[in-house]
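Letter by letter, the chains look like this.
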Amino acid sequence: MRTALLLIAAGLVCAAAVRTVGLPKPVQGGRAAEPPFSIAISAKPNVFTVGSAMPIKVVLTNTSSHQISLLRLSWCNYTAEIRDSQGALVKAKPLAEKLPDGRFRLRHSGGSATRVQVDRGKVAWCICTVYNLTDDYEVTKPDKYSVQVLRYDDVDKVWVRSNTISIVVSPK
């Protein structure tokens, strides 16, 4: 039982680290390091209904001068920064939920993790290309939202941010 709780705690710490946003880029030689990839997002259509799936297209491109290695998980391992029309951050869903029998279930637990190689100038089609925002975030009120997707570059130790898009959530 104690081992299971320690594993759950370790999983929550790792998952929380993945969902941290707004970290500054490390400075190298007086300027911020250039990330080895870019992220472009889009939503077509960009109008959704409260409670519906909110898929956005994600394109990760190797912008470096060499092949890069990325971690591919069995779930979409991006973090989103979603802000309502007042600029408030949308709440992330809990990383674990308590089941009726008292046990806990981790969201995004299990599955597989592999490293994939992406040649310079190429798109990483093998990495999550559609991210459903409602899988991880509580977008529950009609409003206009700004969305930006982030991914941690574990080689250069920087958060890479996408462009920002707008989505509209209408009542049911």
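As the structure is a computational prediction, the values presented were derived from the model and not from experiment.

1. Thoughts on the sheet that holds strand S3 (residues 37-42)
Reasoning step 1: As summarised here, the arrangement of the 3 strands in space is S3-S5-S11, forming an open sheet in which the pairing is antiparallel. Two strands bound the open sheet, and with one partner strand each, they are S3 and strand S11 (130-132). For this sheet the average axis-to-axis angle between neighbouring strands, irrespective of direction, equals 30 degrees.
Reasoning step 2: Here strand S5 (residues 55-62) pairs with S11 via 3 bridges, running antiparallel. Across the sheet, residue Pro55 finds its bridge partner in S11, namely Asn132.

2. Here we look at the environment of Ile39
Reasoning step 1: Relative to the assigned elements, Ile39 resides in strand S3.
Reasoning step 2: Residue Ile39 is classed as buried on the basis of its relative accessible area, which comes to 5%.
Reasoning step 3: The spacing of Ile39 and Asn163 is 124 residues in sequence and 7.2 Å in space, taken between C-alpha atoms.

The rules behind these values
- Residues numbered from 1 in each chain as written.
- Predicted model: local features only at pLDDT ≥ 70, side-chain atom pairs only at ≥ 80, totals over all residues.
- Heavy atoms only, no water.
- Pairing = 2+ DSSP bridges.
- Helix = DSSP H or I, 4+ residues; strand = E, 2+ residues; numbered from the N terminus.
- Axes fitted to C-alpha atoms, helices over the stretch in contact; angles between N-to-C directions.
- Buried < 20%, exposed > 50% of the residue type's maximum accessible area, 1.4 Å probe, protein only.

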